[in-house]
Every structure is written in C-alpha cells, then in structure tokens.
Amino acid sequence: MGGAAMNADVTFLADTALAIVRAVPVTLGLFVASAIGASLLGGGLVAALTAGLAPVRGIARGWIFLFRGTPLLLQIFMVYYGLAALGPVRQGPFWPAFRDPLFCAGLAMTCCCSAYIAEVLRGALAAIPAGQIEAALACGMGRVTRLRLIVLPQMLRLALPAYGNELVMMVKSTSLASTITVLDVTGVAQQVIAHSYRTLDVFCLAAGVYLGLTGALTALLRWAERRLDPTVSDGAGEGASR
Amino acid sequence: MSEQDLPAFALLGFGTDGWGRVLVLGAVLTLALSLASMTIGSVLGALLAWARGSRRGWLARLATAYGVIMRGVPELLVVLLLYFGAPGLMAAVAGLFGLPAPGSPPAFLTGSLAIGLVSAAYQAEVFRGGLLAVPKGQVEAALAAGMGPWLRFRRIVLPQVLHHVLPPLGNVWQFNLKDSALVAITGLAELMRVSLVAAGSTRRPFLFFAAAMVLYLALTSLSSAVFRRIEARGSQWAGRR
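Throughout this document, residue positions are counted from 1 along each chain, in the order its sequence is written. Labels are handed out in written order, letters beginning with A for the chains and numbers beginning with 1 for the ligands. The predicted nature of this model means local features are confined to residues of pLDDT at least 70 and side-chain atom pairs, given and counted, to a pLDDT of 80 or more, with totals for whole chains, interfaces and linings taken over all residues. The side-chain quantities take in all heavy atoms of the structure and omit both hydrogens and water.

Enquirer: Is there a simple way to think about the overall build of chain B in this case?
Expert: Along the backbone of chain B there are nine helices and zero strands. Each helix (α) and strand (β) of chain B, taken in turn from the N terminus, gives the series α-α-α-α-α-α-α-α-α. Seen through its C-alpha atoms, chain B measures out along the principal axes to roughly 80 × 55 × 30 Å. Residue burial is assigned from relative accessible area. The probe radius is 1.4 Å, only protein chains are included, and a residue is buried under 20% of its type maximum, exposed over 50%, and partly exposed in between. Within chain B, the fraction of its 241 residues that count as buried is 43%. Contacts in chain B between residues far apart in sequence, at least 24 positions, make up 72% of those at least 6 positions apart. With residues, only the protein chains shown are counted as cover, and all accessible areas are computed by Shrake-Rupley using a 1.4 Å probe. Element-wise, carbon and sulfur atoms account for 68% of the exposed surface of chain B, whose accessible area totals about 12700 Å². Charged-residue counts in this description rest on Lys and Arg as positive and Asp and Glu as negative, His and the chain ends being excluded. Charge placement uses NZ in Lys and CZ in Arg. For Asp and Glu, CG and CD serve respectively. Measuring between centres, the 20 positive side-chain charges of chain B sit 16 Å from its 9 negative side-chain charges. A run of H or I in DSSP counts as a helix once it spans at least four residues, and a run of E counts as a strand once it spans at least two, with each numbered from the N terminus. Residue contacts are defined here by distance: any two heavy atoms, one from each residue, within 4.5 Å place the two residues in contact.

In structure tokens:
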C-alpha cells in the first residue's frame, strides 16, 4: 500500500514537473520580448533625458516617475482591464493585441522596466569622466563617433552589473502575468494546485524552475562582466571606470 | 442612476456613492502592511547578515542559501505559497499538540510575513555591506580603549553602519511598498485590492486603477522625501558633507 502511494506521488510530481517545464517557453518568451523592448525604450529615455528640449526631458522624467512609483501588478491590470474599458482602445486597430493577456503583460513589463533601466543607464552615463568627452571633442570627433567609440562602450561596462540586476528582477516579474490568466510557470503551477490541492510540492517545483532561470542568467551576466573587464581582456584598459 | 453614469468626481469622492474613503483606507493599510513587512525584514535581515559573518560554516552557508533562494524566486510565488500553505502548516503544528486545526491565519499576518521574508534577503545584503564598511582598525582601537562589546557596537559600529545603510534601505523600502500590492491576491483590503473591487463593482477600471496609481505615487514619493530628510540629518550628525 505504501509502495502504491509512493508511486502515485512520483507520477504526480513527474507529471507536474513536465507541465511546468512546458510553460517555460511562455515565461522565457515574455522575459526576452520585454527585456529587449525595455532596453530599447530605456535607451530612448536616457537620450530624451539628455535632450536639449525641456518638454522632451519632462516627458521622460514623468514616465520614469510614474512607472517606478507604482506597482507592476497595478500597471498590468491597468493595461489589461483599464485600457480595455476605454472606447478608443476597444474600437481602435490594436484591439486584438490589447485583448491578448500575454501582449498586455509584455507591454506593462516593457514600460515598467524601461524606467528602471533608464535610471541604470543614466547612472552609467554620469559616471563617464567629463574629461574624456572633452578629449574626444578636442580630437575633433563628431557626435556619432564620440558616442560609438567613447560613450557607449564604457556605458555598457559600467551599467552591466546594475543592468543585470534589473534583468534578474524581470525574470521574476514575469510571474505577475499569471494574474491576468497567462499560463506561464506560475500560472500552470496554480492550475495544478487548483486541481490537486498540493501546495507545497507544486510551488517548490515552480520555485526550482525560477531558481534555474535566474541562476543561469546570473552566470551568463558574470561571464559577460568578466569579458568586458579591461583588466582581464587586454592590458590596454585605461582604468577610467572609477 | 447606475454607478456607470456617475461622474468621476462623485465616484472618487467621499460622499455616499464615493469610493474615496475606501481608497484612502486601503492606502493606509498598504502603508501599515509595508511597515510590518519592513520590520520583519529588518530583524530577520540583521540576523542573516550576522549569520553570514559567523565562524560556524553551516550557519553562514544556510544564510547564503536563504538569500540565493529568496532573491531568485518571484515574490508572487512566496506570497502564494504562504497564503495557500499556511493553513496546512498551522493544522500540522496544531495536530502535534493534539489541537483542532485553527483555520487560516489573518491575511495581514501571512501577507506581511511573505513580503518580510523576501525583504529580509535584500536587507541582509544591505546590512552586510554596512558592516564591511566599518574599518577594522576602528574596532581594534575601541578594543584597545577597553570598550565592551555593547559599547563598541553602540558608539563605533552602529552609527557608521546606519550612515552607510540608510540609502540602500530606502531602496528596499520602495520595493517593499510596491511588493505589498501582491498581497491583494489574499483578499486583504489594501490599496490594490480595494481598487480592484471598486473597478469591478462600478465597471470603471481605468478610473480606479488611475486613482490607485496616484495614491501609490503619493506613498512612494512621500516616503522617499522622508528618507532624504533622514539621510541629510544623518550625514550632518556624522559630520560629513
């Protein structure tokens, strides 16, 4: 009898693990799409923050204030339920997209995380010594050359640790999509629990999947940091990072 | 007149049709929830930071593992686990003493505990950084001056740790405040939950989510102003800047 119960246990855990692993592409896809979107938008926000026009700067500042100051869960509900209640959205050409919970979760995450990434990039930009920009100017470099050769490579290196933290946060944030019926890892776990009433083992399986994802991402980021470290890659590093 | 036709100011107001009072009470509960979880996180985080520096290897490893797990797993999962898992756990503990199952613990307790457990992992990192920032020579000098462990902690270590720890603690607080919205799934009538209920019963989700956003913005920007005030006071007191 004990053997049969244990067998049932093993079967249940294996089935649950399989169901949860099948949901990983949803979680991962949501993460990758919103990470790319948020990074591009974050870069745009930093560009806007340094713009000459005051209204452009103001909009970027307002955007960062709004999305950093409110919970992501609320933003997701706002996009999925709030915007859907508005006539122009309902009758507009993008309605099929706004009806899709996965798209709404991705959109909210993109907007939210772009604000955090913009702050990270702004910090990195501020850490580049002004003397270097002046030197580049003195060498007769144009705006694009300066950005490509002096500013961007260093920004990348300076921003990477904090940017990596944001990416790890984003992997975890994808779980909020389950609150608007997206069947990601958390969504599937909740579904299994609703049928089986086995809370602890199912949540532990889901937690294991997330730990695997965040762990792999952290390892990848650490590798990238080492690659970009001037003291390791080549001796020509000018030690300007401090 | 149905609620759908009421003007926005009446729905958000403090009159009989208004949700203003409910929303403000929700914001107050959000603040209380965040304070409770921040406190739980501070106590547990300080313990974890101490354990990380402990000479007992297993204790240090345990604290490290706690940090890795809590910072690698979504906060929502922790809230869900406690919410669904707590009644079973309490029944099991009660069963050990031969008592009947006590049912679900109050949502405020499980909510603040869940957010506090996550917060502790982040606060442990902050405290560890603060402890490392106190130069070893100063502690040795205090020892040489014949200060006892308590006096040393109070006069030498604590003031400097506080100075280093306040800015990152402000960050943790902001995350705490926003994470508290996750407790809405347990049915606790904090700001997120209240706005959901109002949005559902009036069918005006945009209006009520926007109102909740304004209240959250007020909470986050007010508390960051408070932290800036304390930091300014602290650096004055530490004789810097």
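More follows now that the structure is in view.
Enquirer: How do you make sense of the overall build of chain A when you look at a structure like this?
Expert: When its secondary structure is counted, chain A shows 12 helices and zero strands. The secondary structure elements of chain A, listed N-terminal to C-terminal, are α-α-α-α-α-α-α-α-α-α-α-α. Its C-alpha atoms give chain A a radius of gyration of 22 Å, clearly above 18 Å, the size a compact globule of 242 residues would have. Here the C-alpha coordinates of chain A stretch approximately 85 × 55 × 25 Å along the principal axes. Relative to its full complement of 242 residues, chain A shows a buried share of 41%. Across chain A, every contact between residues at least 6 apart in sequence was considered, and the portion connecting residues at least 24 apart equals 75%. Accessible surface computed for chain A: about 12500 Å², of which carbon and sulfur atoms make up 68%. Here chain A carries 17 positive and 12 negative side-chain charges, and the mean point of each set is 9 Å from the other. Taken over C-alpha atoms, the radius of gyration is set against a globule rule of 2.2 Å times the number of residues to the power 0.38.

Enquirer: Any chance you could explain the side chain of A:T214 here in plain terms?
Expert: Inspection of the secondary structure assignment puts A:T214 in helix α11 (residues 199-228). For this analysis, a polar contact is any N or O atom pair within 3.5 Å, provided that within protein one partner can donate a hydrogen and the other can accept it, and provided that sequence-adjacent residues contribute only side-chain to side-chain pairs. There is a polar contact of 3.3 Å between the side chain of A:T214 and the backbone oxygen of B:G72.

Enquirer: Where do I start with the UniProt feature "transmembrane region" (unreviewed entry) in chain A in this structure?
Expert: All names here are of chain A. UniProt positions are given in the numbering used here, feature names are shortened, and annotations may be inferred rather than shown by experiment. According to UniProt, the feature "transmembrane region" (unreviewed entry) maps to residues 28-53, 65-86, 98-118 and 202-224 in the numbering used here. Secondary structure across residues 28-53 comprises 85% helix and 0% strand; the distance between its end C-alpha atoms is 38 Å. Between the end C-alpha atoms of residues 98-118 there is a gap of 25 Å, over a span that is 90% helix and 0% strand.

Enquirer: I'm lost on the UniProt feature "domain: ABC transmembrane type-1" (unreviewed entry) in chain A in this one. Help?
Expert: The UniProt entry lists residues 24-222 of chain A under the feature "domain: ABC transmembrane type-1" (unreviewed entry), expressed in the numbering used here. Secondary structure content for residues 24-222 of chain A is 83% helix and 0% strand, while the C-alpha to C-alpha distance between its ends is 23 Å.

Enquirer: Looking at this structure, I do not really get helix α4 (residues 75-96) of chain B. What am I missing?
Expert: An α-helical turn contains 3.6 residues, so a residue and the one three or four places further along point in the same direction. Spanning 22 residues, α4(B) covers 30 Å between terminal C-alpha atoms, matching the ideal 32 Å at 1.5 Å per step. Note on bend: the value at a residue is the angle between axes fitted to the seven residues ending there and to the seven starting there. If you look at α4(B), its biggest bend is around 45°, right at B:G85, and the proline B:P87 turns up within four residues after that. Taken residue by residue, α4(B) has B:E75, B:L76, B:L77, B:V78, B:V79, B:L80, B:L82, B:A86 and B:A94 as its buried positions. Taken together, the buried residues of α4(B) touch α9 (143-173), α10 (185-196) and α11 of chain A together with α3 (57-72), α5 (107-132) and α7 (149-179) of chain B. Positive backbone phi, at 70°, marks B:G98, one or two positions downstream of α4(B). Helix span, as expected, comes to 1.5 Å for every residue beyond the first.

Enquirer: Help me understand the layout of surface pockets in this model?
Expert: In this approach a probe as big as a water molecule rolls over the atoms, and the regions it shows empty are the leftover space. Residue and element names in this part refer to chain B. Quantified by volume, the second largest pocket comes out at close to 850 Å³. L131, L132, F153, V157 and V161 are, among the 23 residues lining the second largest pocket, the residues nearest its centre. Every element with two or more residues in the lining of the second largest pocket is listed here: α2 (20-52), α5, α6 (136-144) and α7. Tallying contributions element by element places α7 first for the lining of the second largest pocket, with nine residues. Considering only residue class, the lining of the second largest pocket consists of 17 nonpolar, two polar and four charged. The definitions used throughout rest on a 1 Å grid laid over the protein atoms alone, on which a cavity is an enclosed set of points accommodating a 1.4 Å probe that cannot get out and a pocket is an open set flanked by protein within 12 Å on both sides along at least five of seven lines; lining residues are those having an atom within 4 Å of a point. Grid points are joined across faces, edges and corners, and a volume is the space filled by probe spheres set on the points. Under the scheme applied here, ten amino acids are nonpolar (Ala, Val, Leu, Ile, Met, Phe, Trp, Tyr, Cys and Pro), four are charged (Asp, Glu, Lys and Arg), and all others, including Gly, are polar.

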